[in-house]
Amino acid sequence: MNVWLKESLRPDSGALSSARTRLPLSVIEGAAKHVAENAPQHCAAFPERRVLILDGSTIELADTPENQAKYPQSSTQKAGCGFPLLHFAALIDHATGCIVDMVCGPLNVHDARLARPLWDRIQPGDIVLADRAYASFCFIAAMRDRGADVVVHQHQRRTTQPMEGDMDDRQAEWTKPRAYVDWWDAELPKTLGVRVVQAKISPIKILIVNTTLDPDAYPPATILALYQTRWRIETFFADLKITLGLEDYHAKSPETAVKALWVHALAHNLVCGVLVGVADAYDLDRNELSFKRAVQALISGVALVAETVREAWQWVANMVARCPKRHRPGRQEPERRPGPHTFPGWRSGRCFPSGAR
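Let us now look at the overall build of the protein. Assigned secondary structure in the protein consists of 11 helices and eight strands. Within the protein, the proportion of its 357 residues that are buried is 44%. Restricting the contact set of the protein to residue pairs at least 6 apart, pairs at least 24 apart contribute 63%. Looking at the protein as shown, the accessible area adds up to about 18600 Å², and 54% of this sits on carbon and sulfur atoms.

This part takes up the side chain of R170. Inspection of the secondary structure assignment puts R170 in strand 6 (residues 167–175). In terms of polar contacts, R170 uses its side chain to reach the side chain of D168, at 2.2 Å. Look past the residues within four positions of R170 in its chain and what remains in contact with it is Q161, P162, M163, E164, V194, R195 and V196.

Below, the discussion takes up the nonpolar core. Nonpolar side chains tend to gather and get buried jointly when the protein is soluble and globular. Judged by nonpolar contacts, the single largest core of 39 residues is most densely connected at L86, F88, M102 and V151. Among the elements that make up this core, the one with the highest residue count is helix 9 (residues 254–282) (six residues). F88 has contacts with D55, G56, S57, T58, I59, M102, V103, C104, L114, F237, L240 and L261, leaving out every residue within four places of it along the chain. One finds L91, V103, V128 and A130 within the second-largest nonpolar core, a separate group that totals 32 residues.

Relative to the helices and strands, H94 is located in the loop between strand 2 (85–93) and strand 3 (99–105). Residue H94 is classed as buried on the basis of its relative accessible area, which comes to 5%. Side-chain polar atoms of H94 contact the side chain of T229, separated by 2.9 Å. Only 3.5 Å separates the side chain of H94 from the side chain of R232, close enough to count as a polar contact.

Burial analysis of strand 1 (residues 51–60) places nine of its 10 residues in the buried class, the great majority of the element. In this structure, strand 1 lies alongside strand 4 (residues 127–130), joined through four bridges in parallel fashion. Looking at strand 4, one finds that V51 is bridged to I127.

Rules and cut-offs
Residues numbered from 1 in each chain as written. Predicted model: local features only at pLDDT ≥ 70, side-chain atom pairs only at ≥ 80, totals over all residues. Heavy atoms only, no water. Helix = DSSP H or I, 4+ residues; strand = E, 2+ residues; numbered from the N terminus. Buried < 20%, exposed > 50% of the residue type's maximum accessible area, 1.4 Å probe, protein only. Contact = heavy atoms within 4.5 Å. Areas by Shrake-Rupley, 256 points an atom, 1.4 Å probe, with all protein chains shown as cover. Polar contact = N/O pair within 3.5 Å; in protein donor to acceptor, adjacent residues only side chain to side chain. Core = buried A, V, L, I, M, F, W, Y, C linked by side-chain atoms within 4.5 Å. Pairing = 2+ DSSP bridges.

Shown next, in the form of structure tokens:
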């Protein structure tokens, strides 16, 4: 920007701060969603169906009275010993990595309840990939009513029959719970038919997946391979919060926090669009390309002297495609050290192999 405008615009300058404040949230949010909706489905898991990953995360805010009132700190911390935490749930496109939509709330709201408004973004034929926080009778029934399938890790409180062999695939019938949360506003069936797939990932790990997918069209191995990619959303959150610097922003007001979240989501989606374009041009898997390398290439490209846009794009694409990530089966996830709210088990040493969670 300094090169184009022939003047210095520091991020902390008054003019830039005022312009950023006046920019409506609806414009930023609409732009981020537009990029996500128009990104091509390159290297999709299932060409005929869209896969969406649903999960939640948090970002730390500045310790101000306004933030503490709107997004209070964890209830396990004493007053004055913690920072406000903005809790958000995100719906992310599995093929592109783009953030389709988000919703924000306080930390004490469960992920499933916080994500309730996102259900309207799920279309018939979609496949929703989520963790055990969404493995409830109510959620799966709601997705079935929308014509969508669900692949989730079975909740730890639900019992399952012992496996037969190294892989087991069977049908089960769940009964409507006697009591369910008061915010639920949909009619629930008395019973719900689900498919339970079990497999031994390692000698001591068993992965259980509940799904309503057709077993003929989607064999157990296909379902398990899909669920093993669920962890990809954690690396997407790391790209959003660490690579793009969202966790270092520390917004001083709730309004600024939400706006900063969507600004970073827009930047995240634009970089994901670059990765998809490079993957398509070089016949690569989008997940073989480094998000951080794409960001570095775009930053370096600001000072590039190019006669055409095509020439500038080719330079960036060559930089991104030059060093694809190696495929490392059974690697420890996440690939890099996350922030304190990306994966709470990291600090306690609870790190799982890919697909073992």
